[in-house]
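Summary of structural features
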Protein chains: 2
Amino acid sequence: MRILILGGDGYLGWPAAMHFAAAGHTVQAVDNYARRRIAEENNAQPLFATPELEQRARIFQAGSDHRVEAVIGDCADYGFLAGAVRSFSPDAIIHLAEQPSAPYSMMDFEAARYTLNNNLNTTFNVLWTIHEHAPQCHLIKLGTMGEYGTPDIDIEEGWIDISHKGRSDRFLFPRQPGSLYHTSKVFDTDLIWFYVRTWGIRCSDLMQGPVYGLFTEQSKQRPELLPNFHYDDLFGTVLNRFVVQAAAGVPMTVYGKGSQVRGYLNLVDTLQCLTLAAGNPPGEGELRILNQFTETFSVVELAERVKAAAAGLGMAADIKHIANPRKEREEHYYNPRSDGFKALGLKPHLLTADVLAEMIDYAVSLSDNIDVSRIHPRFAWS
Amino acid sequence: MRILILGGDGYLGWPAAMHFAAAGHTVQAVDNYARRRIAEENNAQPLFATPELEQRARIFQAGSDHRVEAVIGDCADYGFLAGAVRSFSPDAIIHLAEQPSAPYSMMDFEAARYTLNNNLNTTFNVLWTIHEHAPQCHLIKLGTMGEYGTPDIDIEEGWIDISHKGRSDRFLFPRQPGSLYHTSKVFDTDLIWFYVRTWGIRCSDLMQGPVYGLFTEQSKQRPELLPNFHYDDLFGTVLNRFVVQAAAGVPMTVYGKGSQVRGYLNLVDTLQCLTLAAGNPPGEGELRILNQFTETFSVVELAERVKAAAAGLGMAADIKHIANPRKEREEHYYNPRSDGFKALGLKPHLLTADVLAEMIDYAVSLSDNIDVSRIHPRFAWS
């Protein structure tokens, strides 16, 4: 298969590029380094520096029989994206080319405007490019479980049948996102659904929960191929932040009560889900939505697990509750479905003590790099 | 009240500016002339030329005791908008500053991109401006009934209680828009709801059906104060198109079967609804959604009414079905509620033969201006 990965320098994009190349696919990875730029501008550098995309691709190729073609460019620029799609002629486009930080989207006017415009225009360009240059191409789009928010009813996979006053119809599951970033992903879904109906595009929209982890098959013996690993308040997902705090010997900072529940998954399962989606394309004019997570935890449960894993390594990891910078319900019902990927064959890698110990160990080995001041939330969301 | 009208040169904006000024309010009208520019570029000029906003305001002031302050600028430019809001200090902002044509949004890539970016960034800027410079200001936003599409269940006013697997919650009513323009209005509603929750803004979001009509209290004796009246395939709403076709003695062109049902209202009732909304602001952090129409008709019913009114004037108006350029259900259930404005005191002006005869008469008086080639749809939507 010819697979074009947009956002191929990212936490998910780079491991995905290597993963698909190693599986024998022809892979082109595109990135504009926006995440690197934002991290530099905001003192939010990852735990260790990673080579730029073109260099990573050279390192990967030198140590394997596989190749990732790296292309630097901005997918929000239609001329660039259309040229890339025309020349590469993909069977599938994995669209990860978005500003991925919810806190950044709530930081100030400029960050909010950038998030809104970058994410929506990139998705708009991807849809138009497929329509004009690759109408049979399968769009695999990364959405987020955060699009749904925390409703008081079970969260289905994308759609819901509503009965109302004796009649019924099927709709997109109602969305109530908690940040401007998540709102931009709701817009993506709505925009995709509109053009899927209008043009008959085939799309898998993957509603992913927060991802944790570091090592994948291609990087575990070669640290220079690891993805960027953020632990800061902007880009660091919660479990990765806790692991770094534990490694640094500072308390794990839980936002508010920590009873907020979300669905999580290991980075290796993100790759498995992308593979399953790519291997099972939906039909023409079909928008297939899959919820992408393997387990649900409250924030406090995550902290307790890290604490236990750290204890197993002879380390003390404390938990400290701090004022919640986010505007979110701390006590809420949460029962999301995730049957679709199981039906396609997903074999989950669960959050075991071993998984956590491996992450903590690695963070400890880099503890000189840790700047704990980057972890504390620097602003409130309202 | 100090009322800032964004899009004050438009079909609704200019009559609203005069209406609120005549009622004793302090009115500033802002426009960037985008609709005039798009009409010029696409051979979609209105039935008669209208003076530009500043000149209209002078004519209005010369013939009355009232004043509309005209300001030319682009609300998608945050610096401009923030300056206008800071200096005017409005109690209410009536936000009509959007690219209003569904067909234009489906014409090509550039028109689609402009619609998406103009509409979303303008709404984004309005919300940020209120947050930063006028937090108590009441935002009155023009949405569209087209956000809902044509679901198989009754359309409620903005919200719906959903029971699902033994639990229930309240959500925004599901949206399924039929054009990219309508999709941009769905985004507006979602963006407004997000920032209303986050910042406590007060907002009335008015889901309006297609508007017809021409004369309002302020313009009926002074034709130079009439709003722009479009009858072309881009900006012309369906009833206004039929009236002009009848006046020109050419068949009224019905898209497909013409059994598509929508909720309609007279321009004078738009003014009445805006007045009722402005006089009854919602509380802080409340998003009040009102459906804004007075009667529902199928397209064929509208054509039959124009035919009958024309016959009353001794004119023959034929009906001709043409291929539907839109992608829409022609046979569908449609039962939208509109209780909110009735409860606030709306007294509807219905679509009588007299109303139609007055419109046809006026169009006949300008029949030398009519270019019937502008009416035929110039492209299909998919």
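Residues numbered from 1 in each chain as written. Chains lettered and ligands numbered in written order. Predicted model: local features only at pLDDT ≥ 70, side-chain atom pairs only at ≥ 80, totals over all residues.

**Let's talk about the overall build of chain A**
- Per the secondary structure count, chain A includes twelve helices and 14 strands.
- Its C-alpha atoms give chain A a radius of gyration of 20 Å, within 12% of the compact-globule value 21 Å for 382 residues.
- By principal-axis analysis of the C-alpha atoms, chain A measures approximately 60 × 55 × 40 Å.
- Counting only residues that meet the buried cut, chain A has 55% of its 382 residues in that class. (Helix = DSSP H or I, 4+ residues; strand = E, 2+ residues; numbered from the N terminus. Rg over C-alpha atoms; globule rule 2.2 N^0.38 Å. Buried ≥ 20, exposed ≤ 12 C-beta atoms within 10 Å, placed from the backbone.)

**Section: the relation of the copies chain A and chain B**
- Once chain A is rotated about the relating axis by 180 degrees and shifted along it by 0.0 Å, it coincides with chain B to within an RMSD of 0.0 Å. This pairing of chains is accounted for by a two-fold axis.
- Comparing interface residues between copies, 100% of those in chain A also sit at the interface in chain B, which points to an isologous, same-surface contact. (Least-squares fit on C-alpha atoms with pLDDT ≥ 70 in both. Contact = placed C-beta atoms within 7 Å.)

**Some thoughts on the sheet that holds strand β11 (residues 261–266) of chain A**
Residues and elements named next belong to chain A.
- The three strands lie next to each other as β9-β11-β13, forming an open sheet whose pairing is mixed. Whereas interior strands pair on both sides, the edge strands pair on one side only; in this sheet they are β9 (211–212) and β13 (295–298).
- Relative to β11, β9 runs parallel, the two being bridged by two bridges. Note that in β11 the partner of Y212 across the bridge is N266. (Pairing = 2+ DSSP bridges.)

**Description of the packing of helix α8 (residues 238–248) of chain A against helix α12 (residues 353–365) of chain A**
Residues and elements named next belong to chain A.
- Look at α8 against α12: their axes get within 8 Å of each other, and the N-to-C directions meet at 55 degrees. It follows from the interaxial angle that α8 and α12 lie oblique. Relative to α12, the crossing made by α8 is right-handed. Where α8 approaches α12, its residues V243, V244, A246 and A247 are matched on the opposing element by L356, M359, I360, A363 and V364.
- Across the contact of α8 with α12, the residue classes tally to nine nonpolar, no polar and no charged. (Axes fitted to C-alpha atoms, helices over the stretch in contact; angles between N-to-C directions. Parallel < 35°, antiparallel > 145°, perpendicular 65-115°, else oblique. Left-handed = near helix turned anticlockwise from the far one by under 90°. Nonpolar A, V, L, I, M, F, W, Y, C, P; charged D, E, K, R; others polar.)

**Some points on the nonpolar core**
- Counting residues in each nonpolar core, the largest one holds 242 residues, and the members touching the most others are I5, V243 and V306 of chain A together with I5, V243 and V306 of chain B.
- The contacts of V243 of chain B, once residues within four sequence positions are left out, are V306, L356, M359, I360 and A363 of chain B. (Core = buried A, V, L, I, M, F, W, Y, C linked by C-beta atoms within 7 Å.)

**Structural notes on the packing of helix α6 (residues 109–133) of chain A against helix α7 (residues 180–199) of chain A**
All names here are of chain A.
- Interhelical geometry of α6 versus α7 gives an angle of 20 degrees and a closest axis separation of 9 Å. Considering their axes alone, α6 and α7 lie roughly parallel with respect to each other. The two elements α6 and α7 meet at a crossing, and its hand is right-handed. Within the contact between the two elements, α6 uses A112, T115, L116, N119, L120, T123, F124, L127 and H131 and α7 uses L180, Y181, S184, F187, D188, L191, I192, Y195 and W199.
- Taken together, the residues that form the contact of α6 with α7 break down as twelve nonpolar, five polar and one charged.

**Side note on the interface of chain A and chain B**
- In this complex, chain A contributes 34 residues to the contact, which on the side of chain B involves 34 residues.
- Those elements that provide at least two residues to the side of chain A that touches chain B are α6, β6 (159–164), β7 (167–172) and α7 of chain A.
- Residue contributions to the side of chain A that touches chain B peak at nine residues, all from α7 of chain A.

**Examining the pairing of β11 of chain A**
All names here are of chain A.
- Of all six residues in β11, five are buried; the element is thus mostly enclosed.
- When β11 meets β13, the two strands line up antiparallel, connected through four bridges. Along β13, the bridge assignment pairs G263 with T296.

**Re the pairing of strand β1 (residues 2–6) of chain A**
Residue and element names in this part refer to chain A.
- Of all five residues in β1, four are buried, a share of seventy percent or more.
- Here β1 runs beside strand β2 (residues 26–31); their pairing, made up of five bridges, is parallel. When the sheet's bridge partners are listed, L6 is paired in β2 with V30.
- A crossover connection joins β1 to the parallel β2 through helix α1 (residues 13–22); in handedness this β-α-β unit is right-handed. (Right-handed = clockwise from strand over helix to strand, strands pointing away.)

**With respect to unusual backbone geometry**
- If you check the backbone angles, N43 of chain A has positive phi at about 50 degrees while not being a glycine.
- Its location among the elements puts N43 of chain A in the loop between α2 (34–41) and α3 (53–62).
- Under the C-beta neighbour-count criterion, N43 of chain A is labelled partly exposed, with 13 such atoms within 10 Å.
- Look at Y33 of chain B: it is not a glycine, yet its phi comes out positive at around 60 degrees.
- When you line up the elements, Y33 of chain B lands in the loop between β2 (26–31) and α2 (34–41).
- You can call Y33 of chain B partly exposed: it has 14 C-beta atoms within 10 Å.

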